[in-house]
Amino acid sequence: MSGEHSAGRGGSDDGRDETEDERADRKWGELIQEVRVAQTGVQILFGFLLTVVFTPHYQRLGSTDHTIYIVTVVLGACATGALIGPVSFHRIVSGRRIKPQAVRWASRLTFVGLVLLLATMTSALLLVLRVATHDAYVPWLVAGVLLWYLVCWYGLPFWARYRHTGD
């Protein structure tokens, strides 16, 4: 141990006795565990979306539903790229002694990926519900689910961060 602590370099002091490199290693491990969960979900959803265009029912969709489908697939592709990005980022910069910076960039990619996953899931839900039912309540139902996602994914974490930390 070098004895240099990240709190001494402007980082937050959370009571851990870690060097900047040790903190980066820990944060990298935590980030990769989080990314694994999101990657699995986005890859399954994206794989399913890619098959839809090859079904006979797809040809019977209206132009609005075709547009929603295309937007959903593009969002899914972007989410997949952002959520796989941290793995590629780590592989390319590994051994270059920039792990703290790599963790920050990988964290940003993951956050963008989660926003894109949110958009993909909302768009996919809209498409499925429009095809399943043509009722006027579909946009309201999708808006309700979107609100739920926002509360679970962002509202509660940001509230807890604000409430329990100085950051």
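Quick caveat: nothing in here was measured; it's all calculated off a predicted structure.

K.L.:
Could you clarify how one ought to interpret the overall build of the protein chain in this entry?
P.N.:
Looking only at helices and strands, the protein chain has five helices and zero strands in total. In the protein chain, the succession of α and β elements from N to C terminus is α-α-α-α-α. In the protein chain, which comprises 167 residues, the share counted as buried stands at 32%. Here the analysis covers contacts within the protein chain between residues at least 6 apart in sequence; of these, 65% occur between residues at least 24 apart. Accessible surface computed for the protein chain: about 10700 Å², of which carbon and sulfur atoms make up 64%. Between the averaged position of the 16 positive side-chain charges in the protein chain and that of its 14 negative side-chain charges there is a distance of 6 Å.

K.L.:
How do you make sense of the packing of aromatic side chains when you look at a structure like this?
P.N.:
Centre distance and the angle of the planes are the two values used to describe a pair of aromatic rings. Scanning all chains against the criterion turns up four aromatic pairs. For the ring pair Tyr149 and Trp153, a centre distance of 5.3 Å and an interplane angle of 20° mean the geometry is stacked. Of this pair, Tyr149 and Trp153 both sit in helix 5 (residues 138–164), four residues apart, which is roughly one turn of the helix. A residue is classified by how much of its surface remains accessible, and Tyr149, at 17% relative accessible area, is buried. For Trp153, a relative accessible area of 30% puts it in the partly exposed group. Ring pairs connect the aromatic residues Phe111, Tyr149, Trp153 and Tyr154, which therefore count as one cluster. Across the ring face of Trp105, the terminal group of Arg108 is positioned such that the distance to the ring centre comes to 4.9 Å.

K.L.:
Just to check I follow, could you spell out the environment of Val52 for this structure?
P.N.:
Of note, Val52 is situated in helix 1 (residues 20–52). The sequence separation of Val52 and Tyr69 amounts to 17 residues, and the corresponding C-alpha distance is 8.8 Å. What Val52 contacts, discounting residues up to four positions off in sequence, is Tyr58 and Tyr69.

K.L.:
Before we go on, may I ask you to explain the packing of helix 1 against helix 4 (residues 99–132) in this structure?
P.N.:
The packing of two helices is summarised by the inter-axis angle and the distance between the axes. Two numbers describe how helix 1 lies on helix 4: the axes approach to 9 Å, and their chain directions differ by 25°. Considering the angle they form, helix 1 stands roughly parallel to helix 4. For the pair helix 1 and helix 4, the sense of crossing is left-handed. Every residue of helix 4 that contacts helix 1 at Glu20, Asp21, Ala24, Asp25, Lys27, Trp28, Leu31, Val35, Ala38, Val42, Leu45 and Leu49 is listed here: Lys99, Pro100, Ala102, Val103, Ala106, Ser107, Thr110, Leu114, Leu117, Thr120, Met121 and Ala124. Considered class by class, the residues forming the contact of helix 1 with helix 4 number 16 nonpolar, three polar and five charged.

K.L.:
Just to check I follow, could you spell out the nonpolar core for this structure?
P.N.:
Grouped burial of nonpolar side chains is what soluble globular proteins tend to show. Leu45, Phe46, Leu49, Val52, Tyr58, Leu61, Ile68, Tyr69, Val73, Ala124 and Leu127 together form the largest nonpolar core, which totals 11 residues. Those elements giving two or more residues to this core turn out to be helix 1, helix 3 (63–93) and helix 4. The leading source of residues in this core is helix 1, at four residues. Among all residues touching Ile68, those that are not within four sequence positions of it are Ser123, Leu126, Leu127 and Arg130.

K.L.:
So what exactly am I meant to see when it comes to the pattern of salt bridges here?
P.N.:
Side-chain pairs of opposite charge can arise whenever the charged atoms involved come near each other. According to the stated counting rule, one finds five salt bridges in the structure shown. For the salt bridge of Lys99 with Asp25, the shortest nitrogen-to-oxygen distance reads 2.9 Å. Here Asp25 lies in helix 1 and Lys99 lies in helix 4, a separation of 74 residues in the sequence. On the accessibility criterion, Lys99 (27% relative accessible area) is partly exposed. By relative accessible area, Asp25 is classed as partly exposed at 43%. One salt bridge connects Arg26 with Glu30, and the closest N-O pair in it is separated by 3.2 Å. Here Arg26 and its partner Glu30 are both found in helix 1, four residues apart, which amounts to about one turn of the helix. Each of the salt bridges in this network shares a partner with another, and the network as a whole consists of Glu18, Arg23, Arg26 and Glu30.

Parameters and conventions
- Chains are numbered independently. Their residues run from 1 in the order of the written sequence.
- For this predicted model, a pLDDT threshold of at least 70 governs which residues receive local features, and a threshold of 80 or more governs which side-chain atom pairs are given and counted, while totals over whole chains, interfaces and linings are taken from all residues.
- Excluding hydrogens and water, the side-chain figures rest on all heavy atoms present in the structure.
- Helix numbering and strand numbering both begin at the N terminus, where a helix is a DSSP run of H or I of at least 4 residues and a strand a DSSP run of E of at least 2.
- Throughout, exposure labels follow a simple rule: accessible area from a 1.4 Å probe, protein chains only, divided by the maximum for the residue type, with under 20% read as buried, over 50% as exposed, and the rest as partly exposed.
- Contacts: residue pairs with any heavy atoms within 4.5 Å of one another.
- Accessibility throughout is a Shrake-Rupley quantity obtained with a 1.4 Å probe, and a residue counts as covered only by protein chains that appear here.
- Counted charges follow a simple rule, with Lys and Arg positive, Asp and Glu negative, and His plus the chain ends left uncounted.
- To locate a charge, take NZ of a lysine, CZ of an arginine, CG of an aspartate or CD of a glutamate.
- Each Phe, Tyr or Trp ring (for Trp, its six-membered ring) is paired with any other whose centre lies within 6.5 Å, and the angle between the two planes then decides the class: stacked below 30 degrees, edge-to-face above 60, tilted in between.
- We call a charge positioned above a ring when the Lys NZ or Arg CZ atom is no farther than 6 Å from the ring centre and deviates by at most 35 degrees from the ring normal.
- Between the N-to-C directions of two axes lies an angle of 0 to 180 degrees, each axis being a line fitted to C-alpha atoms and, for a helix, fitted only over the stretch in contact.
- Each angle gets one of four labels, with under 35 degrees taken as roughly parallel, over 145 as roughly antiparallel, 65 to 115 as roughly perpendicular, and the rest as oblique.
- Note on convention: near helix rotated counterclockwise from far helix by under a right angle means a left-handed crossing. Clockwise means right-handed.
- Gly is placed with the polar residues, together with every amino acid not listed as nonpolar (Ala, Val, Leu, Ile, Met, Phe, Trp, Tyr, Cys and Pro) or charged (Asp, Glu, Lys and Arg).
- In this description, a nonpolar core means a group of buried Ala, Val, Leu, Ile, Met, Phe, Trp, Tyr and Cys residues linked to one another through side-chain atoms lying within 4.5 Å.
- In the sections that follow, a salt bridge refers to a side-chain nitrogen of Lys or Arg positioned within 4 Å of a carboxyl oxygen of Asp or Glu.

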